Amino acid sequence: MAQIIDGKAVAQKVRDEVRTGVEAFRAAHGRAPGLHVVLVGDDQASAVYVRNKEKAAEEVGMAGKVYRLPASTTEPELLKLVHELNQDDAVDGILVQFPVPAQISQTRVIETISPAKDVDGLHPISAGSLWAGVDGLVSCTPSGCLRLLKEAGVQLAGANAVVVGRSNLVGKPVAALLLAENATVTIAHSKTRDLASVCRQADVLVAAVGREAIIKGDFVKPGAAVIDVGMNRNAQGKLCGDVDFEAAEKVAGFITKVPGGVGPMTIACLLENTLKAAKLRKLRA
Ligand code: NAP
């Protein structure tokens, strides 16, 4: 049976590290790092995500604010706020919660956030820096995946890693991070031929698709480390991942659960990114 990688425990460890880092930053600079979150519209799920981020930031002693804008907000209005936050020296991290209403271009919002404050790591400069090996802000869920692998002591250098999914949010940055750790990386996607045999080559298998149980037990190489990023609802409305957990845990060496795996890491890594952004801005000032 696989060893379960406990995302809640690792996320708590990251939060504790951030709390210590926030105290040190405050002692050195006379203020706490500031995370500023913008929520546009009334989407219930987004409101819960934002509240959780706000609470988590408070718990580690960060400063910041949540801007709750009406669903009728125009793109120029939102971009004006982003520009103001870019200019404000007390703002270290800017996060616009997606999705935004249809009248606003998500791409334009991402491109307007200063890369120095891009704690979601989605700006093309952040993405390019990651592939170029330049220190910068990396999107939170991929960072969380790597931290889970490292905490479990999984050997990455020289490992065959397969990432299923190639989104800018998860798949591509996870692949870049694994490459930076000297894994041999394959990125699979919806046009990949014979996904099962591609996955069976993986010493490290990361599933970021968004389809319940697309990764079957016989896709998993014996002893592999399996990271399940998927967040899906099954027929009973229960949260589940992309991996057939019951079958895969019998084969894998390490595996994450959904919930309780990658999910808790995302907010913890957002806090870590905000602290990093604050420190980098001081260093580069
Ligand atoms: P996405 O943008 O929809 O990307 C999904 C990827 O899966 C695409 O690259 C797609 O390939 C690929 N794909 C679709 N069907 C496939 C198939 N049959 N075989 C192989 N690949 C296939 O999704 P995302 O934003 O990356 O998110 C992926 C999952 O992670 C979702 O369940 C999401 O909810 C979850 N997620 C979780 C967290 C967290 O905090 N735990 C954070 C972010 C996302 P093409 O490119 O060819 O279309």
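This section reports on the structure supplied with the text. (Residues numbered from 1 in each chain as written. Predicted model: local features only at pLDDT ≥ 70, side-chain atom pairs only at ≥ 80, totals over all residues. Heavy atoms only, no water.)

**What about the site of the ligand?**
Then comes step 1: Arg166, Ser167, Ser190, Met231 and Thr266 are the nearest of the 22 residues found near the ligand.
Then comes step 2: Note that an oxygen atom of the ligand is positioned 2.5 Å from one of the side-chain N or O atoms of Ser167.
Then comes step 3: Among the residues making up the shell around the ligand, the classes are represented as ten nonpolar, ten polar and two charged. (Near = heavy atom within 4 Å. Polar contact = N/O pair within 3.5 Å; in protein donor to acceptor, adjacent residues only side chain to side chain. Nonpolar A, V, L, I, M, F, W, Y, C, P; charged D, E, K, R; others polar.)

**Observations concerning the pattern of salt bridges**
Then comes step 1: One pass over the structure, following the stated rule, counts 16 salt bridges.
Then comes step 2: We note a salt bridge from Asp92 to Arg31, for which the minimum N-O separation is 2.8 Å. With Asp92 in the loop between α3 (75-87) and β4 (93-96) and Arg31 in the loop between α1 (7-29) and β2 (34-40), the pair connects residues that are 61 residues apart, well separated along the chain.
Then comes step 3: Judged by its relative accessible area of 0%, Asp92 is buried.
Then comes step 4: Put simply, Lys13, Glu17, Arg147, Glu151 and Glu272 are held in one network by salt bridges that share partners. (Salt bridge = Lys/Arg side-chain N within 4 Å of Asp/Glu carboxyl O. Helix = DSSP H or I, 4+ residues; strand = E, 2+ residues; numbered from the N terminus. Buried < 20%, exposed > 50% of the residue type's maximum accessible area, 1.4 Å probe, protein only.)

**Quick word on the environment of Ala11**
Then comes step 1: When you line up the elements, Ala11 lands in helix α1.
Then comes step 2: Note: C-alpha distance between Ala11 and Arg147 (136 residues apart in sequence) is 9.2 Å.

**As for the pairing of strand β7 (residues 204-207)**
On a regular strand, one side chain projects to one face of the sheet and the next to the other, so that they alternate.
Then comes step 1: Of the two faces of β7, the one carrying Val204 and Val206 and the one carrying Leu205 and Ala207 are both buried.
Then comes step 2: Summarising the sheet, β7 and strand β8 (residues 225-228) pair through four bridges and their orientation is parallel. Residue pairing for β8: Val206 is matched across the bridge by Ile227. (Pairing = 2+ DSSP bridges.)

**Some details on helix α6 (residues 140-151)**
Then comes step 1: The first and last C-alpha atoms of α6 sit 16 Å apart over twelve residues, in line with the 16 Å expected at 1.5 Å per residue.
Then comes step 2: Along α6, ten of the twelve residues are buried, which leaves the element largely enclosed by surrounding structure.
Then comes step 3: Within α6, the full set of buried residues consists of Cys140, Thr141, Pro142, Ser143, Gly144, Cys145, Leu146, Arg147, Leu148 and Leu149.
Then comes step 4: After α6 finishes, the residue Gly153 shows a positive phi value of roughly 75°. (Expected span 1.5 Å × (residues − 1).)

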